[in-house]
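Coordinate analysis (summary)
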Amino acid sequence: MAAVTTVPSYTPSLWVRMCHALPRLDLTMQMRDNVFTPDSWEYQQTLLVLSSVSAIALVISLLVVLSFLIHYCCCHRGDRGEGSEEEEEDEDGSTGHGYGGKKGRGICCVTWVAVAAVTLCCVAIGIGFYGNSEANDGMYQLTSSLLTANYTLASIDLLISDTINGLQLSISGPLSTMEEMFTGSKPFLVSTRNCRRLSDNVISLLSSISLARTSFDAGLGNDSGISGASIIPLTPVPPSVAPTMTPSGGLLPGPFSPGWAANALMVNEDYRWLSYVLLLLLDLIVCLFILLGLAKQARWLLILMTVLAWLALFLSWGSLGLETGTVVALSDFCSDPNMFVLNSTNFNSGTSSDVLDYYLTCGLRMNSPFQQLLTQSQRALSNIHTHLSSLERNALTQFPKAEKSLRDVQQILNSTEGNFHQLVALLNCRGLNKDYIDSLKGLCYDGMEGLLYLSLYSFLSALAFTAILCSLPGAWRSFPRTPNVSSNGNPGYESLPLTDRQSPPPSLPSAGSTHATTDHDTALVSPATLTSKSILLYKLNTDYSKRQPSTLPAC
């Protein structure tokens, strides 16, 4: 097997080299190598160990949040009974929003911690959207390159099939007719049989480099009932509508198909992209409603967002574990992709390593493994053309009925030569190697960068939700309760005792005036015509007057 050390126009990025250099431990904590072997259980263990780091971080986050919840539930309950007088003083000195005094300063600190955590979460969401877009761009480039490679392989197979079927048609049709006509002329019969022999030789040579002919035999070839005029140079269809081939032998083995791989990757990428978009939207909604709840001091809204923050915390650490394993495995592949392709049985079964080496490396000094076959085929087609030219010059004068059969063979030969020239161009390594390099760049550059950004998003969002869960209980528990509000929007003092209304007592009347009030005097004033403040003063004066004696004591 040829050793491949580098890929032209591709160099592993710095991130790939850094992630590839991470130490690998299996479940028994023994060191393992970092060669990309996804089918190996030992290699899978190393990925599981690296992914389990996020599980350990999740446990730490849960312990931190649990410690803060115990602090709020237990410590504050004990402080509430001991420091009631201090809390009353803090409440008296606080403003309407509860940010004055020692308790108010504590509430303000907790609130700003929650706001800072929400801000960090919003930054992480922005990073996540960018990383999701980068990963999607990388996968799009990968699938596009695979579809283009599938188009090239399908075109090669179509050209070979069309050429073989055309030559078989010429053998079974016009050449057989010419042999019957030239039975009495040995030189012409020898030339005709040479054309048949050379055609069989070309068919044998092209069959040895055919790419999955069996998957197209039913729908591509021209059968014996098709005339020679129907054999025309083949124009392959574009990649978007090219058939998805599953090669069974030849250049690429049966287990791998670029078209099938591209379709599978596109479906999986659509689900992956949508899942991350939904996760990012969930985090964004939670952050926005937390800010709204802090601004409005809505306790029920913050309780609901706390529940959703728990869900987001688990999803963040879980996605980080998946991303860690994917990033490490991708870095192992991108560090030496040719080695995996050459050693993998899915690619290498029944395929010559020289063929794979030729298309994966495509060096300037490398010779095509099909060069000898193509040269022999070209020489055989040229000899057929020479024999047909000789028959056209010499035989038609003696056998004019053979002209039609000779013209059909010449037309098939011209179409075959046109397809053959296209086949030679497509079998050159530059086209498939360019698709291979483009797929590597899409997967190992944009895809790797996108996954790293998504890992950073998961880590920052997990930290942010941990801080949010630690600070939100202290924030919503410290919100002041909503006072009783009357119908016109002013606080209703009717439900409060007179001593709690904080209103100065009415001034005492002068000694010479009477303070006796009757029900008739009270009824003269209509409360409906008074403002809210007048109603309050009116009730206070009425209540006070009823408790005063009708006459003042004598001095």
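**Some points on the nonpolar core**
Residues Phe 182, Leu 206, Tyr 359 and Leu 427 are the most contacted members of the largest nonpolar core, which totals 41 residues. Residue assignment for this core shows that the elements contributing at least two residues are α4 (101-181), α5 (186-207), α11 (353-361), α12 (371-394), α13 (403-426) and α14 (429-477). For this core, the element with the highest residue contribution is α4, accounting for 10 residues. Beyond its immediate sequence surroundings of up to four residues, Leu 427 is in contact with Ile 156, Ile 209, Tyr 358, Tyr 359, Phe 370 and Leu 374. Of all hydrophobic cores here, the second largest spans 34 residues; its members include Leu 294, Ala 464, Leu 469 and Cys 470.

**As for the state of the cysteines**
Taken as a whole and judged by the stated rule, the model has two disulfides. Two residues share a disulfide in this structure: Cys 334 and Cys 444, whose sulfurs sit 1.9 Å from each other. Disulfide Cys 334-Cys 444: torsion about the S-S bond near -85°, hence left-handed. Linking Cys 334 in helix α8 (residues 299-335) with Cys 444 in helix α14, this pair joins segments that are 110 residues apart in sequence. With relative accessibility at 0%, the residue Cys 334 sits in the buried group.

**Considering the pattern of salt bridges**
Taken as a whole and assessed by the stated rule, the structure comprises eight salt bridges. For Glu 269, the salt bridge goes to Arg 272, with nearest N and O atoms at 2.7 Å. Residue Glu 269 and its partner Arg 272 are located together in helix α7 (residues 258-296), separated by three residues, close to a single helical turn. Like Arg 272, Glu 269 is buried. The closest approach of N and O atoms between Glu 392 and Arg 407, which form a salt bridge, is 2.6 Å. One end of the pair, Glu 392, is in helix α12; the other, Arg 407, is in helix α13, and 15 residues separate them in sequence. Here the salt bridges do not stand alone but share partners, grouping Glu 392, Glu 403 and Arg 407 into one network.

**So, unusual backbone geometry**
Unlike most non-glycine residues, Met 29 shows phi in positive territory, near 60°. By the element assignment, Met 29 lies in the loop between β1 (24-25) and β2 (31-32). Residue classification places Met 29 among the exposed residues on the basis of a relative accessible area of 53%.

**Section: the packing of α12 against α13**
Relative placement of two packed helices is described by the angle separating their axes and the distance separating the axes. Across the interface, α12 lies against α13 with an axial gap of 11 Å and an inter-helix angle of 160°. As the angle between them shows, α12 and α13 are arranged roughly antiparallel. Considering the relative orientation of α12 and α13, their crossing is left-handed. Listed contacts from α13 to Leu 374, Ser 377, Gln 378, Leu 381, Ile 384, His 385, Leu 388, Leu 391 and Glu 392 of α12 are Leu 406, Arg 407, Val 409, Gln 410, Leu 413, Thr 416, Glu 417, Phe 420, His 421 and Val 424. Partitioned by chemical class, the residues of the contact of α12 with α13 number 10 nonpolar, six polar and three charged.

**Some details on the packing of aromatic side chains**
This model, assessed by the stated rule, comprises 12 aromatic pairs. Ring centres 4.9 Å apart and planes at 90° place the aromatic pair Tyr 130 and Tyr 453 in the edge-to-face group. Here Tyr 453 lies in helix α14 and Tyr 130 lies in helix α4, a separation of 323 residues in the sequence. For the ring pair Phe 333 and Phe 340, a centre distance of 5.7 Å and an interplane angle of 80° mean the geometry is edge-to-face. Connected via pairs of aromatic rings, a cluster forms that spans Phe 36, Tyr 43, Phe 333 and Phe 340.

**Re the environment of Ala 135**
You can see Ala 135 is positioned in helix α4. For Ala 135, a relative accessible area of 5% gives the class buried. Considering only alpha carbons, one finds Ala 135 and Met 448, 313 residues apart in sequence, at a separation of 7.2 Å. Other than its neighbours up to four places away in sequence, Ala 135 contacts Glu 269, Arg 272, Asp 446, Gly 447 and Gly 450.

Thresholds applied
- Residues numbered from 1 in each chain as written.
- Predicted model: local features only at pLDDT ≥ 70, side-chain atom pairs only at ≥ 80, totals over all residues.
- Heavy atoms only, no water.
- Core = buried A, V, L, I, M, F, W, Y, C linked by side-chain atoms within 4.5 Å.
- Buried < 20%, exposed > 50% of the residue type's maximum accessible area, 1.4 Å probe, protein only.
- Helix = DSSP H or I, 4+ residues; strand = E, 2+ residues; numbered from the N terminus.
- Contact = heavy atoms within 4.5 Å.
- Disulfide = S-S within 2.5 Å.
- Salt bridge = Lys/Arg side-chain N within 4 Å of Asp/Glu carboxyl O.
- Axes fitted to C-alpha atoms, helices over the stretch in contact; angles between N-to-C directions.
- Parallel < 35°, antiparallel > 145°, perpendicular 65-115°, else oblique.
- Left-handed = near helix turned anticlockwise from the far one by under 90°.
- Nonpolar A, V, L, I, M, F, W, Y, C, P; charged D, E, K, R; others polar.
- Phe/Tyr/Trp six-rings, centres within 6.5 Å; stacked < 30°, edge-to-face > 60°.

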